Amino acid sequence: MQFRTLLFDLDGTLIDHFAAIHRAYAHTLPQLGLPAPTLAEVRAAVGGGLEHAMLNFVRPDQVSAAVAIYRPYWNATMLQDVVALPGALALLRDLHNRGAKLAIFTNKQGPSSRLIADHLGFTPQLSANLGAGDTAWLKPDLAFTAHALGLLHAEPASTLLVGDSPFDVQAALNSGLTCWGVATGTHTAAELQAAGAARVFADLPAIRNALSG
């Protein structure tokens with residue numbers, strides 16, 4: 001294959017978790033005297049890590065209090081309403097069977113990402129599952145990508161990053177990786193192209209076809 005190592009974002013790329021994320025925000029913000037956000041507002045906010053996303057709804061001095069409310073509720077409810085996006089498991093199994101090294105590379109909390117991967121059957125196909133809190137960094141920090149590549153013994157030239165947001169594209173561009181965007185999450189195909197994705201696909205089955213070709 002053209003790529004020996006593939007890094008996959010999680011939310012909006014491999015899974016649809018927005019119902020659960022929205023529910024956690026709707027639980028959190030009213031406790032700070034703020035209105036519950038709409039699902040569309042939450043979808044537009046996520047991608048850069050919880051603290052960064054929370055700034056779309058609260059003042060900087062309220063972030064710690066908001067996260068302290070959000071995280072226990074999230075830990076108790078995160079496996080409710082989480083679904084694999086169409087073609088996700090088939091793509092991971094196909095690539096794994098063809099000898100590719102696969103990892104989840106996300107700004108979601110690492111423990112959450114690993115629980116979800118276990119729940120959805122992704123884990124047997126993965127060589128690593130890296131998220132927020134596993135290191136001092138988040139996407140698109142070059143150090144986070146370098147850490148992932150080092151852990152996987154991978155070279156930038158033979159690594160593909162698949163994601164649904166400009167954070168993913170920038171992480172790849174910062175590190176010399178190829179980025180393929182998938183328009184199943186937070187951003188449109190046009191936005192991913194504008195951010196610099198090498199190719200953009202409508203969904204994961206289209207990516208599977210491209211990799212098979």
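Residues numbered from 1 in each chain as written. Predicted model: local features only at pLDDT ≥ 70, side-chain atom pairs only at ≥ 80, totals over all residues. Heavy atoms only, no water.

## Side note on the side chain of Gln62
Examined against the element boundaries, Gln62 turns out to sit in the loop between helix H3 (50-54) and helix H4 (63-77). According to the relative accessible area criterion, Gln62 is buried, its value standing at 12%. Non-local contacts of Gln62, meaning those with residues more than four positions away in its chain, are made with Leu32 and Leu34. (Helix = DSSP H or I, 4+ residues; strand = E, 2+ residues; numbered from the N terminus. Buried < 20%, exposed > 50% of the residue type's maximum accessible area, 1.4 Å probe, protein only. Contact = heavy atoms within 4.5 Å.)

## Brief notes about the sheet that holds strand E6 (residues 159-163)
Strands sit in the order E5-E4-E1-E6-E7-E8 across an open sheet of six strands; the sheet is parallel. Edge positions in the sheet fall to strand E5 (128-132) and strand E8 (199-201), since each has one partner strand and no second. The average angle at which neighbouring strand axes cross in this sheet is 20°, direction not considered. As paired strands, strand E4 (residues 101-109) and E5 are joined by four bridges and run parallel to one another. Bridge assignment links Gln109 to a residue of E5, and that residue is Ala132. Running at roughly 130° to E4, helix H6 (residues 110-120) makes contact with E4 and E5 of the sheet. (Pairing = 2+ DSSP bridges. Axes fitted to C-alpha atoms, helices over the stretch in contact; angles between N-to-C directions.)

## Some remarks on the packing of helix H5 (residues 88-97) against helix H10 (residues 204-212)
Look at H5 against H10: their axes get within 9 Å of each other, and the N-to-C directions meet at 20°. For the element pair H5 / H10, the angle class is roughly parallel. By crossing handedness, the relation of H5 to H10 is classed as left-handed. Where H5 abuts H10, its residues Ala88, Ala90, Leu91, Asp94 and Leu95 lie against Leu204, Ile207, Arg208, Leu211 and Ser212. For the contact of H5 with H10, the residue count by class is seven nonpolar, one polar and two charged. (Parallel < 35°, antiparallel > 145°, perpendicular 65-115°, else oblique. Left-handed = near helix turned anticlockwise from the far one by under 90°. Nonpolar A, V, L, I, M, F, W, Y, C, P; charged D, E, K, R; others polar.)

## Focus: the packing of aromatic side chains
Scanning the entire structure with this criterion turns up six aromatic pairs. With 5.2 Å between their ring centres and 65° between their planes, Tyr25 and Tyr70 make a pair best called edge-to-face. Of this pair, Tyr25 sits in helix H1 (residues 18-28) while Tyr70 sits in helix H4, placing them 45 residues apart in sequence. Taken as a pair, Tyr25 and Tyr70 share a single burial class, namely buried. The residue whose ring lies beneath Arg199 is Trp180, and the NZ or CZ to ring-centre distance is 5.1 Å. (Phe/Tyr/Trp six-rings, centres within 6.5 Å; stacked < 30°, edge-to-face > 60°. Lys NZ or Arg CZ within 6 Å of the ring centre and 35° of its normal.)

## Some thoughts on the pairing of E6
Counting buried positions along E6 gives five out of five residues, so the element sits mostly inside the fold. Because side chains alternate across E6, one face comprises the buried residues Thr159, Leu161 and Gly163, and the other comprises Leu160 and Val162, equally buried. Sheet topology note: the strand E1 (residues 5-8)/E6 ladder contains four bridges and is parallel. Residue pairing for E6: Leu6 is matched across the bridge by Leu160. For E6 and strand E7 (residues 178-182), the ladder comprises four bridges, and the chain directions are parallel.

## A few points about the environment of Pro156
With respect to the helices, strands and loops of the structure, Pro156 is situated in the loop between helix H7 (142-152) and E6. A relative accessible area of 28% places Pro156 in the partly exposed class. Each C-alpha atom, one on Pro156 and one on Ala172, is 8.9 Å from the other, the two residues being 16 residues apart in sequence. Those residues in contact with Pro156 that lie beyond four places of it in its chain are Leu149, Ser175, Gly176 and Leu177.

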